Amino acid sequence: AGYLHTGLDRYEVFDFQEDGLGKLKSFIKKKKLPFSFHAPFLRPSYFPYTGVTTYFLHDDPNKRALSFKLINSTMHYAKGWKADFVVTHLTWMEDSRNSKKVMNLASDTKSKFCDLADRYNLPINVEFGGYSGYFHEPAQFVEFVADHPLLGICIDIGHTFLISGIRNRNFFKDIETMAPYTKSIHVWNTKGLDHCKKHNHVPVHPSQKTKDGWIDIKKTLEIILSHNKDCDIVFEYNHTYYDNIPGEIKEGMEWVRSIVNRT
């Protein structure tokens, strides 16, 4: 995909190919702003799936090994490029259908993530997910990261909203549970699953009203930031803007900045 996501005074790099690295590196050098890597940083030919795909909780040991190979590669590049941290999905659509096995795989993955974070001395933020399978409770993600200082949660506001809807849970309770362990936030908006399928990640804007079905971005951010004011914020939109951010998109970004500054 080759996404460079703009954040508040930072960037996040996701899913590049070799031929895009030159432009990316020169841009990041020129900006002199902090940045993070979203696994995979570089998607190689040995991983013939979309970038968001992860197999950490998958029954097939070969597919699982692929995901570990990919995050190890991302950590290696992150250390070399001096990225602040790495974000990774833990679950994405193809988890084991055996609940006991999922818990065992999650425990093994946690142990391996701790080893990776220690080896590279680099934080890993685990993005909340759970569209399918048995690992989808906020408390499970809290338990996954709570024991290691280099592990944290990345709350993706849009995905968390959609998952809480699918799972018949209270979105704000889910946010509240994870907020004390959250170290980064992906910001975008949606009105629900059908809307997301059509529009994907909609840029946030103060004109989006909850009475029209939008997520209450302000309230969501206030809950998270009340626990950790220093969360890194990234706008995860459908386009890479580099320096050509449209005016309306900028308005939304500055609106988020004003919420952060007031919280």
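Nothing here was measured: the structure is a model prediction, and the numbers come from that model. (Residues numbered from 1 in each chain as written. Predicted model: local features only at pLDDT ≥ 70, side-chain atom pairs only at ≥ 80, totals over all residues. Heavy atoms only, no water.)

A.B. asks: Help me understand the overall build of the protein chain, please; the structure alone is not making it clear to me.
C.D. replies: Within the protein chain, the secondary structure is distributed over nine helices and eight strands. At 17 Å, the protein chain has a C-alpha radius of gyration in line with the 18 Å of a compact globule built from 263 residues. Seen through its principal axes, the protein chain has C-alpha atoms that stretch 45 × 45 × 35 Å. Counting every position in the protein chain, which comprises 263 residues, the buried fraction comes to 56%. Partitioning the intrachain contacts of the protein chain with sequence separation of at least 6 by distance along the chain shows that 75% fall at a separation of at least 24. Of the accessible surface of the protein chain, which amounts to about 11800 Å², a share of 50% is contributed by carbon and sulfur atoms. For the protein chain, the centre of its 34 positive side-chain charges and the centre of its 31 negative side-chain charges are spaced 2 Å apart. (Helix = DSSP H or I, 4+ residues; strand = E, 2+ residues; numbered from the N terminus. Rg over C-alpha atoms; globule rule 2.2 N^0.38 Å. Buried < 20%, exposed > 50% of the residue type's maximum accessible area, 1.4 Å probe, protein only. Contact = heavy atoms within 4.5 Å. Areas by Shrake-Rupley, 256 points an atom, 1.4 Å probe, with all protein chains shown as cover. Lys, Arg positive; Asp, Glu negative; His and termini not counted. Charge placed at Lys NZ, Arg CZ, Asp CG, Glu CD.)

A.B. asks: Sorry, what's going on with the pairing of strand E2 (residues 11-16) here?
C.D. replies: The two faces of a sheet get side chains in turn, since along a regular strand they alternate between them. Taking burial as the measure, the six residues of E2 include six buried ones, the bulk of the element. Pairing geometry for strand E1 (residues 3-6) and E2, over four bridges, is antiparallel. Considered in E2, the bridge of tyrosine 3 is made with phenylalanine 14. Hairpin connection between E1 and E2: a loop of four residues separates the two successive antiparallel strands, and aspartate 9 in this loop has a positive phi of roughly 60°. As defined by bridge partners, E2 adjoins strand E3 (residues 35-42) across five bridges and the pair is classed as parallel. Bridged to phenylalanine 16 within E3 is leucine 42. (Pairing = 2+ DSSP bridges.)

A.B. asks: Please explain the sheet that holds strand E8 (residues 232-235) as it appears in this structure.
C.D. replies: Pairing between the strands of a sheet is mediated by backbone hydrogen bonds and can be parallel or antiparallel. Overall, mixed pairing links the eight strands, which are arranged E1-E2-E3-E4-E5-E6-E7-E8 in an open sheet. Strands with a single pairing partner mark the edges of an open sheet, and in this sheet they are E1 and E8. Geometrically, the sheet is characterised by an average inter-axis angle of 25° between neighbouring strands, direction not taken into account. The pairing of strand E7 (residues 182-187) with E8 spans four bridges and is parallel. The partner of serine 184 across the bridge, within E8, is aspartate 232. Here helix H3 (residues 99-120) sits on the sheet in contact with strand E4 (86-89), strand E5 (124-127) and strand E6 (151-156), set at roughly 145° to E5. Along the sheet face, helix H9 (residues 247-262) touches E1, E7 and E8 and points at about 160° away from the line of E8. (Axes fitted to C-alpha atoms, helices over the stretch in contact; angles between N-to-C directions.)

A.B. asks: For this particular structure, what's the right way to read the nonpolar core?
C.D. replies: General note: in soluble globular proteins, nonpolar side chains tend to be found buried as a group. Ranked by internal contacts, the top residues of the largest apolar core, which has 78 residues, are Phe113, Leu221 and Val256. Residue contributions to this core peak at eight residues, all from H3. (Core = buried A, V, L, I, M, F, W, Y, C linked by side-chain atoms within 4.5 Å.)

A.B. asks: Please clarify how the side chain of threonine 53 should be interpreted in this entry.
C.D. replies: By secondary structure assignment, the location of threonine 53 is in the loop between E3 and helix H2 (61-81). Given a relative accessible area of 10%, threonine 53 falls into the buried group. In terms of polar contacts, threonine 53 uses its side chain to reach the side chain of threonine 50, at 2.8 Å. Apart from the residues within four sequence positions on either side, threonine 53 is in contact with Phe47 and Trp92. (Polar contact = N/O pair within 3.5 Å; in protein donor to acceptor, adjacent residues only side chain to side chain.)

A.B. asks: Can you help me understand the environment of serine 73 in this one?
C.D. replies: Here serine 73 is to be found in helix H2. Linking serine 73 and alanine 39, residues 34 residues apart in sequence, is a C-alpha distance of 8.8 Å.

A.B. asks: Would you mind going over the packing of H3 against helix H4 (residues 138-145) with me for this structure?
C.D. replies: Helix packing geometry: the angle between the two helix axes and the distance between the axes. Two elements in contact, H3 and H4, have axes separated by 10 Å at closest approach and are oriented at 35°. Handedness of the H3/H4 crossing: right-handed. Counting all contacts with H3, which are made through Met103, Ala106, Thr109, Lys110 and Phe113, the residues of H4 involved are Gln140, Glu143 and Phe144. A class-by-class count of the residues in the contact of H3 with H4 yields four nonpolar, two polar and two charged. (Left-handed = near helix turned anticlockwise from the far one by under 90°. Nonpolar A, V, L, I, M, F, W, Y, C, P; charged D, E, K, R; others polar.)

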